[in-house]
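Spelled out, the chains give:
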Amino acid sequence: MTENPAAFVGTVIVFLFVCVALCSPLIAPYSYQTIIRNEERRAVKEQAPGEAYDIGYTVVGSELFPRNSRSRFGFIAGLRGSITFVLGTDWQGRDVYSRLIWGARDVLILPGLAAAFSVAIGASIGATIGYMGGWLDEIISRLLEALLAIPALVLALVLIAAQPGGGSGISAVLSLLFVIVVIYTPIVARVIRSATLAVRASGYVEEAKLRGESKAHIVFREIFPSVLPALVVEGALRFSYAIFLNASLGFLGLGVSPTSPEWGATINQARRAGTMSLTPWATWPPVIAIAVLIISINLMSDGLRRFFRYEGHHG
Amino acid sequence: MNEEAVVLSARNVSIDYQIGKRWLNVIHDVSLDLHANRTHGLVGESASGKSTLALALMCYLAENGRITAGTIHYEGRNLLELAANELRQLWGSKMSLVPQNALSALNPSYTIGEQMGEVSRTHLGISRRESGLRAAEMLRSVRIADVENVLRSYPFQLSGGMLQRISIGMALSVAPSLLVLDEPTTALDVTTQAVILDLFRELIDRHDATALYVSHDLGTVAQFCDAVTVLYGGEVMESAPVKELYANPKHPYTQGLLASLPARANAAQEQRIHTIEGVAPSLAHRSPACVFAERCKHAIDRCHAEKPPLEHIGGRQTIRCFRWQEIAQDEATSAANQAAAEPVVRPQIDLPRKNELLTTHELAKKFGKRNALLRWLGKEVIPLHALDRVSITVNKGNTLGIVGESGSGKSTLARVLVALETADSGSIELLGENLSYELSQREPSFMASMRLIPQNPDASLNPYITVGSALERTLKVLAERSKHSENWQQAELSSKHGRWKRVHQLLKAVGLEESYRQRYPNQLSGGEKQRVAIARAFASDPALIIADEPTSSLDVSVQAVVLNLLKDLRETQEVAYIFISHDMDVIRYVADWICVMYLGQIVEEGSNEQLYAAPSHPYTEALFSAIPEPNPLLQKKRIRLEGELPSARNLPGGCPFHTRCPRKIGEICETDIPPIRPAGVGHFIRCHIEVDELSRLQSATEEDLQP
């Protein structure tokens, strides 16, 4: 790791994000949907008098209230960052910092699962068709290519539209998972297929055939270890792409739930409320977080790639 | 030009390479002189630093390399003090390089004509038209017949031999005074190599060029060079005029290296090749003692303590050894003692069709048959005839050598025998039982009785499985099923403990220590990997081992060890071999019975002795002639095959060899399939020429050679 400091930093950041996602109930001061009420604000004011907690805007519907005005709805909105609310509150009066932390779960868990499924399914398909060859390979390869020919986002929109509408909760999560897995499985399958092809004709696979090993032994014991580096690197790459796609879908309002604290969805909510320029402090954190996360994962997968290629396997 | 003039003189050159964050000293304190109009050979085994040194002498180093000490004087100037643009000027116009792999050295996106033209335009400053003419002229001088066509071709459209001609043409087009040839024929077949080397020799003489010839092949160096420098571990061991070096090697390493050549063992009619014990030094750290001391049988305490200086001993000879004078005396006395020893007689071998172990009858294999999709599209595919009715016999405990160039079908034969490829027709019988073409339908016990040692040990060992596990697994799945062997204790192998005990025995049998069982293949040297592959082949106590060029990726000194090992195992394990090689010297050393293959056919078959005595098939004759004799005083008769190996997709009619045959008699060769003529007991030649006539023709060539 000292050979490649960028990959080291990337890996550390990815692990930090994962820790945050795991511990979000412990770290986040509020729930992601808690609206900071006026009473609370008063309480805060008593604890820390003189703090500039009430500069900002209150936006309700299309109406914009000047700062310092009291909201008719009894909550404060658009609070700039302060000691109490580190990143301020958004246009609905929700704590941006808490939403960011809760959002890490939605950002990581679903794409993580999707990447894992894509890699598992894609690797099985790729290794099978790569080793077997022949008709099976021809047909499945052409099918995978047909799927790859459609732009990912278009395919996602079609798949979401084709599903029974109005899904919520667990069914919405499953449908999104399905969409991402369908999009990324062909890519993984093709990568693993070509990695398998490279070792299929190798001397040690021939040697295994010559001593009469079963196909399963050859695929899992002889070929699989050689394909593993490709698999790990591909897994990391798919993870970052899945995060990206998930955030894109969230931004387009096609995510798990339009009100979720998922970062793409958060940006979309601000966009739809028209407050991106009024409360920019509520928009920038998810944007930066997602950029940092994806760059870090890419640095990590780059490091993994180098690690496998140059160090090899020493047991 | 004065014959004695020194063109390039290197003094005390040391070179470091950066690997990771460390600087490794790869060349240490090298001094050598290149004399005008002479060809200087630079020999060494892999990792001896010969290519690095050759390029460094042109002051051409990779980015992670640097010359840390010494001077290189070229025509009076110290190259190390020249600026980058001055060097560039020199490289193009005064010094030229002929690389090992011309295909990767030429740009695939420009035609040969464009690339050759650019060289002469840049360095000779001539016009586009003139440079085109010059390119055509250079191609004609390297004896390319179809010049116009070749100039318009892209590099990947041409054969290896053709590309190597082009690269020397390009190198010579600027009339360089120094030519560096970096293993220029290593990637070529022996018959092509012979033609190319003859051409190089002639061109170098005609251009009065000084050449540095880098090679691992002691045979080509003997025939090609005037002086030789032997490198080992990045240091000069010995440097001498070629005749002196081969006739009277002084350094123990040179002596060991020459003795490890199968040709030398054959000439001396010895049963074993001399070997150098131990392994080549790692470049990781530079030993403060003699680099060869660890493997030197003459080493004394002093050799392990301090580094001998590179000593000039007169007559353009240098040597780096404390004891060379004493060693010369020792050798003289031991040679006198040995002269009294009885010459070893080859044991009487069985004649064929007796005591048969494996026989094939008219085995045939074509590649590129139409697949379903192409058939559906109505596309014709011309099949490639890899094996054309091949019948061979291997007797118990004997070695059948199969020799031929690449493309002769010898590897396909091996793969068809073990069923990695499916034969089209013919029969394979092992121990009297007919074997299926399909691997999946073969009896496991037959798979255990016939094992393969592949050509490339790097590829045949799984990088993620330890040596021990690989052997243990082989024992588990194969040895248990073997029914061939009588001395096999099945009970012993049914337990894991018993198998591991056997793994240790196997490792010991191939000369590896027990601790090797925990190693991964990347922790082994090339020779050690091949030993593991041999141990794996022997694990099931087979009756027949098919060795497909088992030593062609190894250095000569390692090859000697592996050949001896295979020979020893044949005695102790009572196994028969099919030994496939392109190297006539190796085949002569190992084989009892030899088949010569050309384009999928056996053109000649006979015992070792029969084949090496006239008469023989014209192709066999050419193969013999193509192997350079590792002795500058001896020259083989010169039979050269012009032209390329015909494509096996489009086999020539009649005798397949007629397109290149130097003894073609007429139309009959093109139209009629040649008869199989008996030339002795079990000796067959497939040729239109009568055996007596062949014999007369060949002895006539022999006489021409006499001065």
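Refer to the structure above for everything that follows.
The structure presented is a predicted model; accordingly, all values stated were derived computationally and were not measured.

## Quick word on the overall build of chain B
Here is step 1 of the chain: A count of helical and extended segments in chain B gives 28 helices and 25 strands.
Here is step 2 of the chain: Across the 707 residues that make up chain B, the buried fraction comes to 54%.
Here is step 3 of the chain: At a minimum sequence separation of 6, the contacts of chain B that also span at least 24 residues come to 67%.
Here is step 4 of the chain: A total accessible area of about 30700 Å² is found for chain B, and carbon and sulfur atoms account for 49% of it.

## Examining the overall build of chain A
Here is step 1 of the chain: Helix and strand content of chain A: 11 helices and two strands.
Here is step 2 of the chain: Ordered by position in the sequence, the α and β elements of chain A form the string α-α-α-β-β-α-α-α-α-α-α-α-α.
Here is step 3 of the chain: Expressed as a percentage of its 315 residues, the buried residues of chain A come to 46%.
Here is step 4 of the chain: If you take every contact in chain A between residues at least 6 apart in sequence, the share linking residues at least 24 apart comes to 69%.
Here is step 5 of the chain: Counting every atom, chain A has about 15500 Å² of accessible surface; 67% of that belongs to carbon and sulfur.

## Concerning the packing of helix α19 (residues 467-477) of chain B against helix α21 (residues 496-509) of chain B
Residue and element names in this part refer to chain B.
Here is step 1 of the chain: Packing of α19 against α21 leaves a shortest axis separation of 9 Å and a crossing angle of 115°. In this structure, α19 meets α21 at a crossing whose hand is right-handed. Within the contact between the two elements, α19 uses Val 467, Gly 468, Ser 469, Leu 471, Glu 472, Leu 475 and Lys 476 and α21 uses Lys 496, Arg 499, Trp 500, Arg 502, Val 503, Leu 506 and Leu 507.
Here is step 2 of the chain: A per-class count over the contact of α19 with α21 returns seven nonpolar, two polar and five charged.

## A word on the packing of helix α4 (residues 96-132) of chain A against helix α7 (residues 170-200) of chain A
All names here are of chain A.
Here is step 1 of the chain: For the pair α4 and α7, interaxial distance at closest approach is 5 Å and the crossing angle is 35°. α4 and α7 meet at a crossing whose hand is right-handed.
Here is step 2 of the chain: In the contact of α4 with α7, the residues fall into 22 nonpolar, six polar and two charged.

## Some words on empty space enclosed by the protein
Residues and elements named next belong to chain A.
Here is step 1 of the chain: Considering all chains together, one arrives at 10 cavities of 30 Å³ or more under this definition.
Here is step 2 of the chain: Taken as a whole, the second largest cavity encloses approximately 100 Å³ of empty space.
Here is step 3 of the chain: Surrounding the second largest cavity, 12 residues form its lining, Asp 90, Arg 99, Thr 266, Ala 282 and Pro 286 being those nearest its centre.
Here is step 4 of the chain: Where the lining of the second largest cavity is concerned, the elements lending two or more residues are α4, α10 (263-273) and α11 (280-311).
Here is step 5 of the chain: Looking at the lining of the second largest cavity element by element, the count peaks at four residues for α10.

## A word on the side chain of Thr620(B)
Residue and element names in this part refer to chain B.
Here is step 1 of the chain: Considering the arrangement of structural elements, one finds Thr 620 in helix α26 (residues 618-626).
Here is step 2 of the chain: Looking at Thr 620, its side chain comes within polar contact range of the side chain of Glu 604, at 2.7 Å.
Here is step 3 of the chain: Ignoring any residue separated from it by four or fewer positions in sequence, one finds Thr 620 in contact with Met 584, Val 596, Glu 604 and Leu 611.

## Examining the nonpolar core
Residue and element names in this part refer to chain B.
Here is step 1 of the chain: Ile 534, Phe 538, Phe 579, Val 596 and Tyr 619 are the most contacted members of the largest nonpolar core, which totals 60 residues.
Here is step 2 of the chain: The element that contributes the greatest number of residues to this core is helix α23 (residues 556-573), accounting for six residues.
Here is step 3 of the chain: Setting aside chain neighbours within four positions, we find Val 596 in contact with Val 403, Gln 601, Ile 602, Val 603, Glu 604, Leu 611, Tyr 619, Thr 620 and Leu 623.

## Remarks on unusual backbone geometry
Residues and elements named next belong to chain B.
Here is step 1 of the chain: The backbone phi angle of Ala 47 is positive, close to 70°, even though this residue is not glycine.
Here is step 2 of the chain: Examined against the element boundaries, Ala 47 turns out to sit in the loop between β3 (39-43) and α1 (50-57).
Here is step 3 of the chain: A positive phi is found at Glu 362, a non-glycine position, where the angle reads about 45°.
Here is step 4 of the chain: Overall, the relative accessible area of 37% leaves Glu 362 in the partly exposed class.

## Some remarks on the sheet that holds strand β22 (residues 593-598) of chain B
Residues and elements named next belong to chain B.
Here is step 1 of the chain: Here eight strands make up an open sheet; going across it, the order is β19-β20-β21-β16-β22-β23-β25-β24 and the pairing mixed. The sheet is open, and its two borders are formed by β19 (450-453) and β24 (676-680), each paired with just one other strand. Averaged over neighbouring strand pairs, the angle between their axes works out to 20° when direction is ignored.
Here is step 2 of the chain: Bridge count between β24 and strand β25 (residues 683-686): four bridges; the pairing is antiparallel. When the bridges of β25 are listed, Arg 677 appears paired with Ile 685.
Here is step 3 of the chain: Taken strand by strand, helix α16 (residues 410-417) contacts β16 (399-403), β19, β20 (544-548), β21 (576-581) and β22, and its axis lies near 145° from that of β21.

## Things to note about the side chain of His217(A)
Here is step 1 of the chain: Here His217(A) shows up in helix α9 (residues 215-251).
Here is step 2 of the chain: Given a relative accessible area of 11%, His217(A) falls into the buried group.
Here is step 3 of the chain: When sequence neighbours within four positions are dropped, the list of residues in contact with His217(A) reads Arg211(A), Glu222(A) and Arg473(B).

## Considering the environment of Tyr246(B)
Residues and elements named next belong to chain B.
Here is step 1 of the chain: Looking at where Tyr 246 falls in the secondary structure, it is placed in helix α10 (residues 242-247).
Here is step 2 of the chain: Overall, the relative accessible area of 2% leaves Tyr 246 in the buried class.
Here is step 3 of the chain: A sequence separation of 386 residues divides Tyr 246 from Pro 632, and the C-alpha atoms of the two residues are 7.1 Å apart.
Here is step 4 of the chain: Excluding residues within four positions of it along the chain, Tyr 246 makes contact with Leu 218, Val 221, Ala 222, Val 228, Leu 258, Arg 264, Pro 630, Asn 631 and Pro 632.
Here is step 5 of the chain: Among the polar contacts made by the side chain of Tyr 246, one reaches the main-chain carbonyl oxygen of Leu 218 at a distance of 2.6 Å.

## Considering the pattern of salt bridges
Here is step 1 of the chain: Enumeration according to the criterion identifies 39 salt bridges over all chains in this entry.
Here is step 2 of the chain: The partner of Glu222(A) in a salt bridge is Arg211(A), with the nearest N and O atoms 2.9 Å apart. Here Glu222(A) is found in helix α9, whereas its partner Arg211(A) is found in the loop between α8 (203-210) and α9, with 11 residues between them in sequence. An identical accessibility class is assigned to Glu222(A) and Arg211(A); each is buried.
Here is step 3 of the chain: For Arg640(B), the salt bridge identified is with Asp198(B), shortest N-O distance 2.5 Å. Separated by 442 residues along the polypeptide, Arg640(B) in the loop between α26 and α27 (667-671) and Asp198(B) in helix α8 (residues 190-207) bring together distant segments of the chain.
Here is step 4 of the chain: Arg640(B) gets classed as partly exposed once you look at its relative accessible area, which sits at 23%.

## With respect to the sheet that holds strand β5 (residues 77-78) of chain B
All names here are of chain B.
Here is step 1 of the chain: What the four strands build is an open sheet, ordered β2-β1-β4-β5; its pairing is antiparallel. At either margin of the open sheet sits one strand with a lone partner, and together these are β2 (22-35) and β5.
Here is step 2 of the chain: In this sheet, β2 lies alongside strand β1 (residues 6-19) in antiparallel orientation, the contact comprising 10 bridges. When the sheet's bridge partners are listed, Gln 18 is paired in β2 with Trp 23.
Here is step 3 of the chain: Along the sheet face, α1 touches β1, β2 and β4 (65-74) and points at about 65° away from the line of β2.

## Regarding the packing of aromatic side chains
Residues and elements named next belong to chain B.
Here is step 1 of the chain: Overall, the coordinates contain 12 aromatic pairs over all chains when judged by the stated rule.
Here is step 2 of the chain: Here Tyr 598 and Tyr 619 contribute two aromatic rings whose centre-to-centre distance is 4.6 Å and whose plane-to-plane angle is 55°, an arrangement assigned as tilted. With Tyr 598 in strand β22 and Tyr 619 in helix α26, this residue pair connects regions lying 21 residues apart in the sequence. Each member of the pair Tyr 598 and Tyr 619 is classed as buried.
Here is step 3 of the chain: Chaining the aromatic ring pairs together yields one cluster made of Tyr 232, Tyr 253 and Phe 292.
Here is step 4 of the chain: In this structure, Arg 66 packs its charged tip against the face of Trp 23, placed 3.7 Å from the ring centre.
Here is step 5 of the chain: One cation-aromatic arrangement involves Arg 519 over Tyr 516; the distance from NZ or CZ to the ring centre is 4.1 Å.

## Digging into a nonpolar patch on the surface
Here is step 1 of the chain: A surface patch of nonpolar side chains, amounting to about 350 Å² of accessible area, comprises Phe8(A), Val9(A), Val12(A) and Leu16(A).
Here is step 2 of the chain: Residue classification places Val12(A) among the partly exposed residues on the basis of a relative accessible area of 38%.

## Quick word on α19(B)
Here is step 1 of the chain: Among the 11 residues in α19(B), eight count as buried, and that is most of the element.
Here is step 2 of the chain: Looking only at α19(B), the buried set comprises Val467(B), Gly468(B), Ala470(B), Leu471(B), Glu472(B), Thr474(B), Leu475(B) and Val477(B).

## Quick look at the interface of chain A and chain B
Here is step 1 of the chain: Contact residues are listed per partner, giving 21 residues for chain A and 24 residues for chain B.
Here is step 2 of the chain: Surface buried jointly by chain A and chain B totals about 2000 Å² across both partners, of which 55% is contributed by carbon and sulfur atoms.
Here is step 3 of the chain: Counting across the interface, chain A meets chain B through four salt bridges.
Here is step 4 of the chain: For Glu206(A), the salt bridge goes to Arg415(B), with nearest N and O atoms at 2.6 Å.
Here is step 5 of the chain: At the boundary of chain A and chain B, one finds seven residue pairs in polar contact (both at pLDDT 80 or more).
Here is step 6 of the chain: Of all the elements in the fold, those that place two or more residues in the side of chain A that touches chain B are α8 and α9 of chain A.
Here is step 7 of the chain: The residue makeup of the side of chain A that touches chain B, split by class, is five nonpolar, nine polar and seven charged.

What counts, and where the lines are drawn
All residue numbers refer to positions counted from 1 along the written sequence of the respective chain. Chains carry letters and ligands carry numbers; both start at the beginning, A for chains and 1 for ligands, and go up in the order they are written. Reporting of local features is limited, given that this is a predicted model, to residues whose pLDDT is at least 70; pairs of side-chain atoms are given and counted only at 80 or more, and all residues count toward the totals for whole chains, interfaces and linings. Side-chain figures throughout are based on the complete set of non-hydrogen atoms in the structure, without hydrogens or water. Runs of H or I in DSSP of at least four residues are treated as helices and runs of E of at least two as strands, each being numbered from the N terminus. Exposure classes here rest on a 1.4 Å probe applied to the protein chains alone. A residue is buried below 20% of its type maximum, exposed above 50%, and partly exposed in between. By the convention used here, residues are in contact when the closest approach between their heavy atoms is within 4.5 Å. Accessible surface area values rest on a Shrake-Rupley calculation with a 1.4 Å probe, where residue burial reflects the displayed protein chains alone. Angles shown run from 0 to 180 degrees and are taken between the N-to-C directions of axes, each axis being a line fitted to C-alpha atoms and, for helices, limited to the stretch in contact. By convention, the crossing between two helices is left-handed when the near helix turns anticlockwise from the far helix through less than a right angle, and right-handed when the turn is clockwise. Residues are grouped as follows: Ala, Val, Leu, Ile, Met, Phe, Trp, Tyr, Cys and Pro are nonpolar; Asp, Glu, Lys and Arg are charged; every other residue, Gly included, is polar. Cavity: a set of points on a 1 Å grid over the protein atoms alone where a 1.4 Å probe fits but cannot get out. Pocket: an open set with protein on both sides within 12 Å along at least five of seven lines, its lining residues, like those of a cavity, having an atom within 4 Å of a point. Grid points are joined across faces, edges and corners, and a volume is the space filled by probe spheres set on the points. Counting of polar contacts relies on pairs of N or O atoms within 3.5 Å, with two restrictions inside protein: one atom must be capable of donating a hydrogen and the other of accepting it, and residues adjacent in sequence are counted only when both atoms are side-chain atoms. Residues belong to a common nonpolar core when they are buried Ala, Val, Leu, Ile, Met, Phe, Trp, Tyr or Cys residues joined through side-chain atoms within 4.5 Å. Only strands that DSSP links by at least two bridges are regarded as paired with each other. For this analysis, a salt bridge means a side-chain nitrogen from Lys or Arg found within 4 Å of a carboxyl oxygen belonging to Asp or Glu. A pair of Phe, Tyr and Trp rings is counted when the ring centres sit within 6.5 Å of each other, with Trp represented by its six-membered ring. The angle between the planes then sorts it: under 30 degrees is stacked, over 60 is edge-to-face, the rest tilted. Remark: a charge is flagged as sitting over a ring if the NZ atom of Lys or the CZ atom of Arg is within 6 Å of the ring centre and within 35 degrees of the ring normal. Residues enter patches when they are more than 30% accessible in relative terms and free of salt bridges; like-charged ones are connected within 9 Å and nonpolar ones (Val, Leu, Ile, Met, Phe, Trp, Tyr) within 5 Å. What counts as buried area is the accessible surface, traced by a 1.4 Å probe, that two parts surrender upon association, with contributions from both included.

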